[in-house]
Amino acid sequence: MKICNACFRVIMAVTVILVSAVIASATQPADSAKRYIHHLGADLRVAYIAPARSAVENTYLTSSAREVSASAHIKYSFTYPSASREGRLYPGAYQGVGVGGTTFFDNSRTGMPVSAYLFQGAPIVRLAPNLTFGYEWNFGVASGWKKYNDDLYPPVNLIVGSPINAYINLGFLLTYRLSRNWSLTAGIDLTHYSNGNTSLPNPGVNSIGGRVGVTRTFNSDHALRTLANNSSAGSFRPHISYDLVAYGAVRKKVVNLNGFAEIVPGHFGIAGLNFTPMYNFNRFLRAGVSLDVQYDESSDLAKHWVEGSVGDYIKFYRPSFFDQVSCGLSARGELVMPIFSINAGMGYNIIGNNDTKNFYQVLALKIHLAKSFYVHIGYQLNSFKNPNNLMIGLGYRFHDKR
């Protein structure tokens, strides 16, 4: 079994466990007489595929497959009743699980990936008596891609190097409440598919589009609530908390030798630590500066190339451990909601070799298993376009006064 496939099977297993936990929690009584409020929804999405650098121009796909996608989704979610603590602190917030199928209108070449994901959203503000503006993110895996095959000519595609890829989506939505139990939604969203550099090629698939949907609510408590309605939830004391995250991953590597790009056989290990003091401004937002230390087994290889070795027989002298360690500082911001937090940051490696001394970006989902303990699933880029690696690990928060 290839390491990259094993890695994504671990992610899928974690997703299944977390999905089961979300569903199980939704069936437990809340801290009020009423159980959680349940929702069942469906939506349709159409999107324009943004070019992923020059790779898309050479995918040998039809023009429609390069430009348009469509998907259908079924989603289950729950909200906290207004009488519960979470319902008062995060009014209107919902979270759940979804499944969606996507077509690129050239499925014999691209496949027709099916996504399974966690999602969360909330109405931010009310625009009219029955109209709200809000957001929703999706995070999961998409399986069923027809990956790049270098034994074929022309290749099937140069966009996707693995049959399973990470799926990330962010949408901004208008929701109109038709009645106590029915709502319509419409909005725009952004979608990204990538394998986190666990397999090559990996330029990823990015799209921007629109969606429409309908939601059926069960055991509604009548209230149309938004995050702006939490002023009656009591005072919040700003404070500093400290996050410690340990993570690992595997990645593929391309090195430039004498002006030629060489894909190095095999996979390389990643291990990292983040220590992040963060100021908690309110219930929804905290921000701070993170000390980021990462060991990358694939970094600095070009300087240690065994001259004359190429292709499947390429060889390198092993760099020293500290030659492959980088250390950076990043500015971090975090959206805090029930069960999940979304963390984003930008930083620069001030210590490292030529491979790692760069401007990097981080996006991570924190899934809270206990008050201070969480699963960390992240993705790191550099220069806003080059995939670095996944960041799969565990975290603990000290001095959490929420």
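(A) Geometry of the overall build of the protein chain. Along its length, the protein chain carries 4 helices and 16 strands. Here the protein chain, with 402 residues, has 50% of them falling under the buried criterion. Considering only intrachain contacts with a sequence separation of at least 6, the fraction spanning at least 24 residues in the protein chain is 64%.

(B) Here's a closer look at the sheet that holds strand E16 (residues 386-398). In spatial order, the strands read E9-E10-E11-E12-E13-E14-E15-E16; together these 8 strands close into a barrel with antiparallel pairing. Neighbour to neighbour, the strand axes of the sheet diverge by 25 degrees on average, direction disregarded. Of the pairings in the sheet, the one linking strand E11 (residues 285-296) to strand E12 (residues 325-336) comprises 11 bridges and is antiparallel in character. Looking across to E12, one finds that Leu 291 is bridged to Leu 329.

(C) Focus on the sheet that holds strand E6 (residues 164-177). Spatially, the 8 strands close up into a barrel ordered E1-E2-E3-E4-E5-E6-E7-E8, and their pairing is antiparallel. Along the sheet, successive strands turn relative to each other by an average axial angle of 25 degrees, direction set aside. Inspection of the sheet shows strand E1 (residues 37-50) paired to strand E2 (residues 68-79) by 12 bridges, in the antiparallel sense. Across the sheet, residue Val 46 finds its bridge partner in E2, namely Ala 70.

(D) How the structure looks around unusual backbone geometry. Phi at Asn 219 takes a positive value of approximately 40 degrees, unusual for a residue other than glycine. With respect to the element layout, Asn 219 can be found in the loop between strand E8 (205-218) and strand E9 (239-257). Overall, the relative accessible area of 32% leaves Asn 219 in the partly exposed class. If you check the backbone angles, Ser 383 has positive phi at about 60 degrees while not being a glycine. Assessed through its relative accessible area of 36%, Ser 383 is described here as partly exposed.

(E) Spatial organisation of the packing of aromatic side chains. Taken as a whole and assessed by the stated rule, the structure comprises 18 aromatic pairs. Consider the rings of Trp 145 and Tyr 193, whose centres lie 5.0 Å apart with planes at 75 degrees: the pair is edge-to-face. Of this pair, Trp 145 sits in strand E5 (residues 131-145) while Tyr 193 sits in strand E7 (residues 182-194), and the two are 48 residues apart along the sequence. This pair shows no difference in class: Trp 145 is buried, exactly as Tyr 193 is. For the pair Phe 321 and Phe 322, a centre-to-centre distance of 5.2 Å together with 90 degrees between the ring planes defines the contact as edge-to-face. Look at Phe 321 and you get partly exposed, because its relative accessible area is 47%. Chaining the aromatic ring pairs together yields one cluster made of Tyr 94, Phe 104, Tyr 117, Phe 119, Trp 145, Tyr 167 and Tyr 193. Of note, Lys 75 hangs over the ring of Phe 119, and the distance from its end group to the ring centre comes to 5.0 Å. Over the ring of Phe 218 we find Arg 216, and its NZ or CZ is 4.7 Å from the ring centre.

(F) Looking closely at the pattern of salt bridges. All told, the structure shown has 17 salt bridges when counted by the stated rule. Measuring nitrogen to oxygen at the nearest pair gives 3.0 Å for the salt bridge that ties Asp 43 to Arg 45. Relative accessible area serves as the criterion here: at 6%, Asp 43 is assigned to the buried category. Residues Lys 371 and Asp 400 are paired through a salt bridge, measuring 4.0 Å at the closest nitrogen-oxygen approach. Separated by 29 residues along the polypeptide, Lys 371 in the loop between strand E14 (359-368) and strand E15 (373-382) and Asp 400 in the segment after E16 bring together distant segments of the chain. Connected through shared salt-bridge partners, Asp 243, Arg 286, Glu 334, Lys 366, Lys 371, Arg 397 and Asp 400 make up one network.

About the thresholds
- Residues numbered from 1 in each chain as written.
- Predicted model: local features only at pLDDT ≥ 70, side-chain atom pairs only at ≥ 80, totals over all residues.
- Heavy atoms only, no water.
- Helix = DSSP H or I, 4+ residues; strand = E, 2+ residues; numbered from the N terminus.
- Buried < 20%, exposed > 50% of the residue type's maximum accessible area, 1.4 Å probe, protein only.
- Contact = heavy atoms within 4.5 Å.
- Pairing = 2+ DSSP bridges.
- Axes fitted to C-alpha atoms, helices over the stretch in contact; angles between N-to-C directions.
- Phe/Tyr/Trp six-rings, centres within 6.5 Å; stacked < 30°, edge-to-face > 60°.
- Lys NZ or Arg CZ within 6 Å of the ring centre and 35° of its normal.
- Salt bridge = Lys/Arg side-chain N within 4 Å of Asp/Glu carboxyl O.

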